[in-house]
Each structure stands twice: as structure tokens, then as C-alpha cells.
Amino acid sequence: MEQLLHFFDANKEAIFVIVLSVFLGIEVISNVPSVLHTPLMSGANAISGVIIIGGIILLGHADLSKFTLEVVLGILAVLFGTLNVAGGFVVTDRMLEMFRKKKRN
Amino acid sequence: MTQYGQIILDFSYLVAAILFVIGLKLLSKPESAKKGNLYAAGGMVLAMITTLILHKDAHGKGIPLENIILIVTVIAVGTVVGAVVARRVKMTAMPQLVSFYNATGGAASALVALMEFSNPENSSTLVTLLGLVIGSIAFSGSMIAYGKLDGWIKDWLSPAMKYINIIILLVVTALVAYLMVAGDPFMDAEVLVYILFGIALVYGVFFVMPIGGADMPVVISLLNSFTGIAAAMAGFIYSNQAMILGGIFVGAAGTILTVLMCRAMNRSLINVIIGAFGGGGAAKSDKEIGTIKEISLSDAAVLLNYTSKVVIVPGYGLAAAQAQHTCSELDKLLSESGVEVKYAIHPVAGRMPGHMNVLLAEADVPYEKLVEMDDINPELPNTDVVIVIGANDVVNPAALDDPSSPIYGMPIINAHEAKNIIVMKRGMGKGYAAIENYLFYDDKTRMLFGNAKETLQKLVSEIKSL
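Remember, it's a predicted structure, so these values are computed and weren't measured experimentally.

Reading the values: rules and limits
Residues numbered from 1 in each chain as written. Chains lettered and ligands numbered in written order. Predicted model: local features only at pLDDT ≥ 70, side-chain atom pairs only at ≥ 80, totals over all residues. Helix = DSSP H or I, 4+ residues; strand = E, 2+ residues; numbered from the N terminus. Rg over C-alpha atoms; globule rule 2.2 N^0.38 Å. Buried ≥ 20, exposed ≤ 12 C-beta atoms within 10 Å, placed from the backbone. Contact = placed C-beta atoms within 7 Å. Axes fitted to C-alpha atoms, helices over the stretch in contact; angles between N-to-C directions. Parallel < 35°, antiparallel > 145°, perpendicular 65-115°, else oblique. Pairing = 2+ DSSP bridges. Left-handed = near helix turned anticlockwise from the far one by under 90°. Nonpolar A, V, L, I, M, F, W, Y, C, P; charged D, E, K, R; others polar. Expected span 1.5 Å × (residues − 1). Domains from an automatic or database assignment. Core = buried A, V, L, I, M, F, W, Y, C linked by C-beta atoms within 7 Å.

Participant: Sorry, what's going on with the overall build of chain A here?
Facilitator: Helix and strand counts for chain A stand at 5 helices and 0 strands. In chain A, the order of α-helices and β-strands from amino to carboxyl end is α-α-α-α-α. For 105 residues, the compact-globule estimate of 2.2 N^0.38 gives 13 Å, and the C-alpha radius of gyration of chain A, at 20 Å, exceeds that figure by more than 25%. Projected onto its principal axes, the C-alpha coordinates of chain A cover approximately 60 × 45 × 15 Å. Every one of the 105 residues in chain A was classed for burial, and the buried ones make up 59%. For chain A, the share of sequence-separated contacts (at least 6 apart) that also reach a separation of at least 24 residues comes to 62%.

Laid out in C-alpha cells, this is it:
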């Protein structure tokens, strides 16, 4: 119990962010027409590529003088994260392109 | 100076987080969706650039130039590859591509967590392990989903699967608990972490393996929220607000989207995960089954051309045959001769929610013609002809009146209420739920067997020659 309270105290800012983000996420998605479910899912997927920031930090402070596992996996993490971000946003854009095109007609 | 850098960095994360939220909000309306996507992308680019320039490690050391060069190079390669593949891929392959990119995000989270576990300055063991486990499941699960959607992995359902999955989950929990309690890094910790990594990957495979076609959208959405949560866990390691907020936000949005989809099929999430849909066996019903009646192409052409209102119900068969353009051609042809044509879109038709909308949009079908299930159902009794193209379970009346049916209670498009029904189907195979569809035996129903695209093409030329 005491440990739990300590955990809460040590991480209270983060816990607030989590709780509010959860409500925000639910709120933003709740009234979406099913037409947009696929682009929305794809857009959310691209945002989850925010892990790229972690990859940048990891590889950014890695010691490049030695060719270590850390460097290799760091490069992979940045590469995968970039694929998620770039691919995700471009796919979403392409889906939406079609919605706009036919709107003009 | 150092301090200012940190403040600017934090501030840029705040701006990025706001852009993510506004972006997703704008994405939820058709008019502003494209702008929303750009906003979110802008937020991401901003956070990436400021991190690269301003991030300091625990000793206040910035990112060295050579690391920056390496990172920028890797990002450039990733961007080119990601963007080119995303531009080139066929519209029908969109769902698997989204799944693939989701897998890469999960992999990135798992790798970051794996590396950070052995970093002595990282004291947050629990979130690191959670990030590793969730990221790995998201990765291997999404890869399997990708393979299934792409057709090179088949469903594999075995009754033992349920128990195997529970056992794996227990092992994972036990390992995480052990690594937590064991506290200070000890000799075998790293080995155990790699074992945990491996088991989590295997779990992702087993998790998605038994889940069949129609449930794929739900699983992808769920895995998408996993990737978000994994990114947030990694965010805790670095106390990085942009990652925490972005990740949790996507996690929550993905989860609620998953729940919405389950609700559209009237199934519980647990049910989807255990995969009880196909496993429950066929519906036991003593209902009288009529006979199948076929229609010739020329009769179908006449029926469609000299009528006033047609509703098209597209399903996975349309996507699989890539028949959206031919379908749109039929629509234009009929519209020109004064027939009112609309599309009835079931929320889970196709392989992703909204999949049909995207496909039909690609084929230049006007947005206004795509009508959602609840709005089209009241119009169906006054509809002259309903054309069901490669859809099955979403028009099965058993969902309404047969309590013994596994899909009983699922909202459907009430195609059976229309005056005439034409069903285009490859053969008499059953739908994903593996149950008999009484709509096909209805007195008002006529079948047109064959590949959706070819049948539509023949139908179009038949109507042209009238």
C-alpha cells in the first residue's frame, strides 16, 4: 500500500496526463462517422509513431565509436519509427485525397 | 543557455501534443480531415527536429553532430521508403499497409525498451518491461495481421489455442513480476529480458492467428492502440511528455474505436479475441430452406435499367475482386438512365471499418451516395432492387430473427425488405461466420454467380446493349 502511494506521488504528473489523455482520446473519437474510421485509424497509427522521439534520444546519445548492439538496434528503432510516421501520414493523406476529389465533383 | 534549450524543447512538445489532438479532431470530420492529418504530421516533425537539436542527456550533454548526421540519414531513408510504398500501393491493399506500419511502430517501441533496460540510469523497470511486452505483441501481431490480409497466412484455429494463450500470458506476467522483484540488475536479468522479448513476440503471433477475416478490422484497431500504449511506456522512460500524451491519446482513441467496431457487430471484445465466432459451430435451425434461384445477365440488366431505385450493398467480395471501378461504372450507367443509385455501407463491411468508403471513393463514387446502415434501412422497403456484391453476413436476416444463430443480434442491412434482391457471389460458400444465409433462398432473391468484377463487367455491357 505504502509502495503504491509512493508510486503515485513520484509519478503524479504523468498519471494526470494519462487520465486526461484517455478522456481526450475517447472524446475525440466518439462521434466519428464510420466513413472516416479507416483514415482515422491510419492517422492515429501515424501518431503512435511518436516512438521515433525515443529512437532519436536512444541513438542520439549512443556511443558511435564502437559498433555495438545498441547502435544497430538504435538505427533499427529510428528506421522503424520513421516508417511508421512517414508511411502512416502519407497513407492517410492518400485516403483523404480521394474524399476531397469526389467532393468537388 | 542550457536551460533555455530545455524550456524550448518542452514548449515544442506542448505544441506538438496540441497539434496531435487538434489533428485527430479535424480528422474526424470529412471536410477538415486532410488538414487534420497535416497538423498531426506537423506536430511530429516539430518534435523530431527540436529533440534532435535540443535534447540533453542526464549529464546535460547534447546530441553530438555525428549522431545527428547518422539519425538524419536513417530518417531520410525511412521517409523515402515509407512514403514511396504508401504512394504506390493499391487502394485495395491499404488495410494491410496500415497494419504493416503499425508493426514497425511496435517494433521501434520494443527495441527502445530492450535497449533502455540495460541502461543503468533508467530506474523505471516496470514501464520499460511493459513497453517491451506491449510493443513486441503489437509488432508480431500486426505482422500476422498483415500476412493474413495479404493472403499469405491462413487462419489457424485450434481448441488448444485458448489455453496456450492463457499460459503464455501467465508466463509473461510471472517474468515481469520476477524482474521487478529481483530489483537491482543481476547477472541473468538481461538474458531473462531477451526471453521475455521472445515470448511476447510468440504471444503476438498466437493472439492474432486464430482471428478470422471479418474480425481483422477489430484486431488491427486493437493492435494500433497497443502501439500507442507502448510508445507512451517508452515516453515514461524519458519522462517525455510528447511521447506520453501522444501514445496514451492514440491508445485511448484506438481502444474506443475497437469498442465501436465490436458494437457494430454486436460482439464483445473478449469474444473476438478468443475467436469463438467460427468455433461455435453452425447455427442449428429447423427453418425451412427454400431453393436457390439464378437470374440471367440479360434479365438482371432489364430489371436494373427499368426501375427507379437501386441500392448496392458492397462487401469484401467487391474489394477482393477489385471491382470498385466496374461497380462505379454500373452506377453511372444506371444514373444516366434516371435510376436513383445509392450504396448501403455496413460499418464492418470489408476488411477495415470504412474500407468500402475508401474503395468507392477511389472509384469516384460521390460521397453523398454512400449511406450508412442506420440511414439506409428505412429506405429499403421502397427500394426496387438491392444488389448485394460480395457481402454475406451483413445482410443475413438470421441476425434479426434466429436466436440460435451465432450472429443473432448483429445489426444488419435489411436487404430482405427490398422488392427485389440480386446477389453476386462467387459460389455457394458460406460467409466468415460459416452460417447459412436465408436471404439467398428468399423468393425475391436472384443469384448471379461468378467473380464480382467479371459479373459486373458483363452486366455493364449487357445494359449498354439494351
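Participant: Can you help me understand the packing of helix 3 (residues 37–47) of chain A against helix 2 (residues 33–54) of chain B in this one?
Facilitator: Helix packing geometry: the angle between the two helix axes and the distance between the axes. Between helix 3 of chain A and helix 2 of chain B, the shortest axis-to-axis distance is 10 Å and the interhelical angle comes to 10 degrees. When the axes of helix 3 of chain A and helix 2 of chain B are compared, the pair comes out roughly parallel. On helix 2 of chain B, the residues that touch Pro39, Gly43, Ala46 and Ile47 of chain A of helix 3 of chain A are Ala33, Gly36, Asn37 and Ala40 of chain B.

Participant: Mind showing me how you'd approach the pairing of strand 1 (residues 309–314) of chain B here?
Facilitator: The side chains of a regular strand alternate, first on one face of the sheet and then on the other. Residue and element names in this part refer to chain B. Counted residue by residue, strand 1 has 5 buried out of 6 residues, so it is predominantly covered. As defined by bridge partners, strand 1 adjoins strand 2 (residues 340–345) across 4 bridges and the pair is classed as parallel. In the strand pairing of strand 2, Ile312 is matched with Tyr343. For strand 1 and strand 4 (residues 385–389), the ladder comprises 5 bridges, and the chain directions are parallel. Pairing of Pro314 across the sheet is with Ile389, part of strand 4.

Participant: Please clarify how the packing of helix 14 (residues 324–336) of chain B against helix 18 (residues 452–464) of chain B should be interpreted in this entry.
Facilitator: Residue and element names in this part refer to chain B. Look at helix 14 against helix 18: their axes get within 9 Å of each other, and the N-to-C directions meet at 25 degrees. Compared by their axis directions, helix 14 and helix 18 come out roughly parallel. Crossing geometry of helix 14 relative to helix 18 is assigned as left-handed. Contacts from Thr326, Cys327, Glu329, Leu330 and Leu333 in helix 14 reach Lys453, Leu456, Gln457, Leu459, Val460, Ile463 and Lys464 in helix 18. Tallied by class, residues from the contact of helix 14 with helix 18 come to 7 nonpolar, 2 polar and 3 charged.

Participant: Honestly, helix 4 (residues 94–117) of chain B in this entry has me stumped. Any pointers?
Facilitator: For the α-helix, the turn length of 3.6 residues means that residues three or four positions removed from each other point alike. The terminal C-alpha atoms of helix 4 of chain B lie 35 Å apart, and with 24 residues this matches the ideal 34 Å at 1.5 Å per residue to within 8%. Of all the 24 residues making up helix 4 of chain B, 24 are buried; the element is thus mostly covered by neighbouring parts of the structure.

Participant: When you look at unusual backbone geometry in this model, what are you seeing that I'm missing?
Facilitator: With the exception of glycine, the majority of residues adopt a negative phi angle, and the majority of peptide bonds are in the trans configuration. All names here are of chain B. Positive phi is not limited to glycine here, since Ser239 has a value of about 45 degrees. Locating Ser239 in the fold gives a position in the loop between helix 8 (216–237) and helix 9 (241–264). Classification of Ser239 as exposed rests on a count of 12 C-beta atoms within 10 Å. Its identity is not glycine, yet Gln322 carries a phi of approximately 50 degrees, on the positive side. Relative to the helices and strands, Gln322 resides in the loop between helix 13 (316–320) and helix 14.

Participant: Just checking my understanding: could you explain the domain arrangement of chain A for this structure?
Facilitator: It is common to give the size of an interface as the accessible area lost on bringing the parts into contact. When its domains are assigned, chain A resolves into domain 1 (1–31) and domain 2 (33–104). With centres defined by C-alpha atoms, the gap from domain 1 of chain A to domain 2 of chain A works out at 25 Å.

Participant: Can you help me understand the sheet that holds strand 4 of chain B in this one?
Facilitator: Strand pairing in a sheet relies on backbone hydrogen bonds, with the paired strands running either antiparallel or parallel. All names here are of chain B. Spatial strand order, 3-2-1-4-5-6: 6 strands in an open sheet with parallel pairing. The sheet terminates laterally at strand 3 (370–372) and strand 6 (445–449), the two strands that pair on one side only. For this sheet, the mean inter-axis angle between neighbouring strands, taken without regard to orientation, is 25 degrees. Sheet analysis places strand 4 next to strand 5 (residues 420–425), joined by 5 bridges and oriented parallel. If you follow Val385 over to strand 5, its bridge partner there is Asn420.

Participant: Please clarify how the nonpolar core should be interpreted in this entry.
Facilitator: Nonpolar side chains tend toward joint burial in soluble globular proteins. Counting residues in each nonpolar core, the largest one holds 184 residues, and the members touching the most others are Val313, Val388 and Ile389 of chain B. Aside from chain neighbours lying at most four places away, what touches Val313 of chain B is Ala344, Val386, Ile387, Val388, Ile389, Ala391, Val395, Ile413 and Ala415 of chain B.

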